[in-house]
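# Examination of the molecular architecture
The primary structure of each chain is shown beneath.
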Amino acid sequence: MSTFLLVHGAWHSGRCWERVVPLLESAGHRVLAPSLTGYGDKAHLLGPDVGLDTHVDDIVTLIDEQDLSEVILVGHSYAGLVISSVANQIPDRIGHLVYLDAMVLEDGETAVDVQPISQTLIDLATSSGTGWRIPPLPEHPSPFGLFGVTDPADTAWLRTILSDQPVRCLQQPAHLNNPAAQPIPRTHIHCVGATPAGITRRPVPATQPNGSPAQIRELPTGHDCMITMPVELSKLLLELSE
């Protein structure tokens, strides 16, 4: 039995994994899909002081409290920053890092460095309203949809789990200076469906930090593949537990 810890991206909550969790559990694995501070059942904790460090602490604390080891840590989108930082803090607890259409950064970088459009979102937030809340990205015409979700029923459901993102999440730098994290194997899963203008993906180096070849998989769908292709995503994740 493996332990999967699924970390949602910006604006989402742990509920976004509802179609994936039972598929992994039915294969005999333990699955945790928490909501980060400020989202889902923790939405009441949303505030200007919530940032990347807050979310890293969320996951590190959960792993410690549950005494988890050899965790297959999956980070979607913004959570690529989170899982990298978690691995830097507690590398001995992580068995595999999975970057699911995720931001991948270097030591000292922020989300803005990885995804420059993030600065536009920060500027919009700081110049209006509370100054720190970034509302979810708007729905785009097909084939882009809402975070890549185009089915009307799925789109309506997705709207119910989205909430604002604090600017601090995109401004705090990641600390990735622990050599002990380098041996952890990594897999990148890219969603290669239609992508709105301004969204870019940093190329994955040909060699992982542990010296082995890069492991890259693709899903022919939009960004929120856990909603649009849960079966296919689950199959890719289950391969990592074999």
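One can find the structure itself at the top, above this paragraph.
Residues numbered from 1 in each chain as written. Predicted model: local features only at pLDDT ≥ 70, side-chain atom pairs only at ≥ 80, totals over all residues. Heavy atoms only, no water.

## A look at the pairing of strand β1 (residues 3-7)
Condition: Using a 1.4 Å probe on the protein chains alone, a residue whose accessible area is under 20% of its type maximum counts as buried, one over 50% counts as exposed, and one in between counts as partly exposed. Think of it this way: any DSSP run of H or I at least four residues long counts as a helix, any run of E at least two long counts as a strand, and we number them from the N terminus. For two strands to pair, DSSP has to find at least two bridges joining them. By definition, the crossover connecting two strands over a helix is right-handed if that path, from the first strand to the second, turns clockwise as seen with the strands pointing away from the viewer.
When you tally the buried positions in β1, you get five out of five residues, the bulk of the element. Burial along β1 is two-sided: the face carrying Thr 3, Leu 5 and Val 7 and the face carrying Phe 4 and Leu 6 are both buried. Two strands pair when backbone bridges link them, and β1 and strand β2 (residues 30-32) are joined in this way by three bridges, in the parallel orientation. Within the sheet, the bridge partner assigned to Phe 4 lies in β2 and is Val 31. Considered for its hand, the β-α-β crossover made up of β1, helix α1 (residues 21-26) and β2 is right-handed. Direction of pairing for β1 relative to strand β3 (residues 71-76): parallel, over a ladder of five bridges. By the bridge assignment for β3, Leu 6 is matched with Val 74.

## So, unusual backbone geometry
The omega angle of the peptide bond from Ser 142 to Pro 143 is 15 degrees, so this bond is cis rather than trans. In this fold, Pro 143 is placed in the loop between β5 (133-134) and α6 (152-159). Although it is not a glycine, Asp 101 sits at a positive phi angle of roughly 45 degrees. Relative to the assigned elements, Asp 101 resides in the loop between β4 (94-100) and α4 (111-114). Relative accessible area serves as the criterion here: at 12%, Asp 101 is assigned to the buried category.

Function-wise, these values are silent; they only describe arrangement.
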